[in-house]
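Chain by chain, the residues:
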Amino acid sequence: MEAYLDNCATTRCHREAAELMMEVLTKDYGNPSSMHTKGVTAENYIKDAAKKIAKTLKCQEKEIVFTSGGTESNNFAIAGAASANKRGGCHIITTQIEHPSVSAAVKALEAQGFEIQYLPVDENGVVSLEALKNAVRQDTILVSMMHVNNEIGAVEPVAEAGKLIKEINPHTLFHVDAIQSYGKMRIFPGKMNIDLLSVSGHKIHGPKGSGFLYIKDKTKIHPLINGGGQQKGMRSGTENVPAIAGLGAAAAMAYTDFDEKTSRMYELREHFIREVQEVCGVSVNGKTNRENAPHIVSVSVEDVRAEVLLHTLEDRQIYVSAGSACSSNKPAVSATLKAVGLKEALLDSTVRFSFSVDTTKEETDYALSVMREVVPMLQKFTRH
């Protein structure tokens, strides 16, 4: 049996999205900038995708700019906002647990002279609103905060943060990395005081190489890519119409029967947590209730290195990650696990199980049965 439990890294593309992409690739393959019928047809796919996405966010279609994915969206939001608003100040706030596509982007700005302030989190990975309140200043031009942490599934109080930021400084832009929350949680940027919102297609059963950045109307931001002026000059270059069409289809599907699908993921998560904690030496990081994201379980295993456990599970066709997939092939210690105060002995003994709407109870039960079998064996080898 196979159990794919690495859905935070990527999801399987929905068949409907893939079939639509094939139609665009082979039939409606015109350049959306062309003035003939083939071009207009291609352009209509882009408009339709923007319409579908805007409906999920309750925003305007013109506020959606398509990108190559989450990393570009995050870099676009951070570098573009900083460049456009540096006359207002050089102070930028983020958190200690951001994805590398945010933390590396702000470090690049720091090298250019911007002042970066990192907010702490508690043992569950939740940002301190009091720290945020004390951090926002009149020269704060940007706050960048993830909605759901990609390693432990902590849900950040973005609605409260947005309200707080705007009360202290209405000119401060609020960027939210929603790459792990879009499609699993309801997000309404207008109500939540969000100016910029990053989303990746392959996390919601869309294609890799697709994503978007929500840019609130009239937000001051400079483009990263200049050229032919596509997407109103905000992201030049011929649009990836097949990927955009697939992304639009996946976004619409993500919010169809949303409550039912989310509830089922929570039930799987709760079942998995109850059972895995029965295995000797296993602990779960972050909140175990429904205050956490519905699709992420971070598990630490005493006396077993994450890489060893990962490959042992892989031998049984169970696929998981050691921390963030974007950095799981690197030896660096997780900034998130350090920030939540995880014991040093467990920093290199933590793996992530992540579910999707396609995950079955049979898959999780199979993974649990293998964990019960292999963890004691691996611990025995380590001790000897």
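Residues numbered from 1 in each chain as written. Predicted model: local features only at pLDDT ≥ 70, side-chain atom pairs only at ≥ 80, totals over all residues. Heavy atoms only, no water.

## Description of the nonpolar core
Logical step 1: Counting residues in hydrophobic clusters, the biggest one holds 57 residues, and the most contacted among them are Leu57, Phe66, Leu132, Tyr182 and Phe212.
Logical step 2: At eight residues, helix α2 (residues 37-57) tops the list of elements feeding residues into this core.
Logical step 3: The contact partners of leucine 132, leaving out residues within four places of it in the chain, are Ile93, Leu119, Val143, Met145, Ala161, Leu164 and Ile165.
Logical step 4: Listed in part, the 30 residues of the second largest apolar core include Val279, Leu310, Leu368 and Val374. (Core = buried A, V, L, I, M, F, W, Y, C linked by side-chain atoms within 4.5 Å. Buried < 20%, exposed > 50% of the residue type's maximum accessible area, 1.4 Å probe, protein only. Helix = DSSP H or I, 4+ residues; strand = E, 2+ residues; numbered from the N terminus. Contact = heavy atoms within 4.5 Å.)

## Structural notes on the side chain of threonine 350
Logical step 1: With respect to the secondary-structure elements, threonine 350 resides in strand β12 (residues 350-354).
Logical step 2: There is a polar contact of 2.7 Å between the side chain of threonine 350 and the side chain of serine 300.
Logical step 3: A polar contact is formed between the side chain of threonine 350 and the backbone oxygen of leucine 346, at a distance of 2.8 Å. (Polar contact = N/O pair within 3.5 Å; in protein donor to acceptor, adjacent residues only side chain to side chain.)

## Digging into the packing of helix α3 (residues 70-85) against helix α4 (residues 100-111)
Logical step 1: The geometry of α3 relative to α4 is characterised by a closest axis approach of 9 Å and an angle of 30° between their N-to-C directions. Comparing their axes, α4 and α3 come out roughly parallel. Crossing angle aside, the handedness with which α3 passes α4 is right-handed. Of α4, the residues touching α3 (which contributes Thr71, Asn74, Asn75, Ile78 and Ala82) are Ser101, Val102, Ala105, Val106 and Leu109.
Logical step 2: Residues belonging to the contact of α3 with α4 are distributed by class as follows: six nonpolar, four polar and no charged. (Axes fitted to C-alpha atoms, helices over the stretch in contact; angles between N-to-C directions. Parallel < 35°, antiparallel > 145°, perpendicular 65-115°, else oblique. Left-handed = near helix turned anticlockwise from the far one by under 90°. Nonpolar A, V, L, I, M, F, W, Y, C, P; charged D, E, K, R; others polar.)

## Description of the sheet that holds strand β10 (residues 296-301)
Logical step 1: Taken together, three strands build an open sheet; the order of strands is β9-β10-β12 and the sheet is antiparallel. The outermost strands of the open sheet, each flanked by one partner alone, are β9 (282-285) and β12. The average undirected angle you get between the axes of adjacent strands in this sheet is 30°.
Logical step 2: Across five bridges, the pairing between β10 and β12 is antiparallel. Within β12, the residue paired with serine 298 across the bridge is arginine 352.
Logical step 3: Docked against the sheet, helix α8 (residues 258-276) engages β9, β10 and β12, running at close to 10° with respect to β10. (Pairing = 2+ DSSP bridges.)

## Describing the sheet that holds strand β8 (residues 211-215)
Logical step 1: On the basis of which strands lie adjacent, the open sheet formed by seven strands has the order β2-β8-β7-β6-β5-β3-β4 and mixed pairing. For this open sheet the edge positions go to β2 (64-67) and β4 (115-119), each flanked by a neighbour on one side alone. Averaged over all neighbouring strand pairs, the angle between strand axes comes to 20°, with direction disregarded.
Logical step 2: Taken together, the four bridges between β2 and β8 define a ladder with antiparallel strand orientation. Among the inter-strand pairings, valine 65 is bridged to a residue of β8, identified as leucine 213.
Logical step 3: Sitting on the sheet, α2 touches β2, β7 (196-200) and β8, and the angle it makes with β2 is about 120°.

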